[in-house]
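Residues per chain, in single letters:
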Amino acid sequence: MRIIHIFLFTVLIFVMGACQSAEQGGLLIEGTLEDATNMTVYLDSSIPGKAVEVIQSNEADEEGNFKLAMEEAPEPGLYRLRVGSQYSPIILEGKENKITLNANMNALSRSGFEVTGSPLTAEYNSYMRDYYERKLDMQGITNMLKSEANPLVAWQFAMNTLV
């Protein structure tokens, strides 16, 4: 009987390890978008100089809940979450496995939402909120661009504020 318990425990450990490895290899982006009832939610690549490419899409339910599940995580880089004509940058560093985003459709393009699971996107959104609330003047923008450690965050911010 003890051998059976040891065998089952060993199998359980292997199964849990396999599930955890599968989770770590992919990416799940989920959340709720108010006013996006039954609309299609897209994750697009947004590589400078290249055409936008749809990476994943799925329809939001009647309450605006959505899930974009990818078996393999996208490469680090610039992406955008798009619904209808609204979109917001998503900046991935390649370590994310679950991103949660809750927003109102109208706030999506103005980075007026909280995001968890993607520190670079959260940092970008914080800068953009300061910009929209006029907390950053030209000197503040220049200082931010000079001091920002991540070039993807700085590039996306510069493209949305200076161009």
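Rules behind the numbers
Residues numbered from 1 in each chain as written. Predicted model: local features only at pLDDT ≥ 70, side-chain atom pairs only at ≥ 80, totals over all residues. Heavy atoms only, no water. Phe/Tyr/Trp six-rings, centres within 6.5 Å; stacked < 30°, edge-to-face > 60°. Helix = DSSP H or I, 4+ residues; strand = E, 2+ residues; numbered from the N terminus. Buried < 20%, exposed > 50% of the residue type's maximum accessible area, 1.4 Å probe, protein only. Axes fitted to C-alpha atoms, helices over the stretch in contact; angles between N-to-C directions. Parallel < 35°, antiparallel > 145°, perpendicular 65-115°, else oblique. Left-handed = near helix turned anticlockwise from the far one by under 90°. Contact = heavy atoms within 4.5 Å. Salt bridge = Lys/Arg side-chain N within 4 Å of Asp/Glu carboxyl O.

Undergrad: Can you help me understand the packing of aromatic side chains in this one?
TA: Ring pairs (aromatic) are described by centroid distance and by the angle formed between their planes. Applying the stated criterion to the full structure yields three aromatic pairs. Relative to Phe157, the ring of Tyr131 has its centre 6.4 Å away and its plane inclined at 85°; by these criteria the two rings are edge-to-face. On the criterion of sequence distance, the pair formed by Tyr131 in helix H3 (residues 119-132) and Phe157 in helix H5 (residues 151-161) is long-range, its members being 26 residues apart. Classification of Tyr131 by relative accessible area gives partly exposed; the value is 25%.

Undergrad: Help me out: how do you make sense of the packing of H3 against H5 in this one?
TA: A pair of packed helices is characterised by two quantities: the angle between their axes and the separation of those axes. In the contact formed by H3 and H5, the axes pass within 10 Å of each other and the chain directions differ by 30°. For the element pair H3 / H5, the angle class is roughly parallel. Here H3 and H5 pass one another in a crossing that is right-handed. Contacts from Leu120, Glu123, Tyr124, Tyr127, Met128 and Tyr131 in H3 reach Val153, Gln156, Phe157, Asn160 and Thr161 in H5.

Undergrad: How should the side chain of Arg80 be read in this particular structure?
TA: Within the fold, Arg80 resides in strand E5 (residues 77-83). Take Arg80: its relative accessible area is 19%, and that puts it in the buried class. Look past the residues within four positions of Arg80 in its chain and what remains in contact with it is Tyr42, Leu43, Asp44, Val52, Tyr87, Ser88, Pro89 and Ile90.

Undergrad: Just to check I follow, could you spell out unusual backbone geometry for this structure?
TA: For residues that are not glycine, phi is negative in most cases, and the peptide bond is trans in most cases. Here Asp35, not a glycine, exhibits a phi torsion of approximately 70°, which is positive. As for its position among the elements, Asp35 is in the loop between strand E1 (27-34) and strand E2 (40-45). Here Asp35 falls in the exposed class, since its relative accessible area comes to 55%.

Undergrad: Would you mind showing me how to read the pattern of salt bridges here?
TA: Pairs may arise between side chains of opposite charge once their charged atoms sit close together. In total, this model carries six salt bridges according to the counting rule given. One salt bridge in this structure joins Lys67 and Glu30, with 4.0 Å as the shortest N-O distance. One end of the pair, Lys67, is in strand E4 (residues 65-70); the other, Glu30, is in strand E1, and 37 residues separate them in sequence. Where Arg82 meets Asp44, a salt bridge forms, and the shortest distance between an N and an O atom there is 2.6 Å. Of this pair, Arg82 sits in strand E5 while Asp44 sits in strand E2, and the two are 38 residues apart along the sequence. Residues participating in the shared-partner salt-bridge network are Glu30, Lys67 and Lys98.

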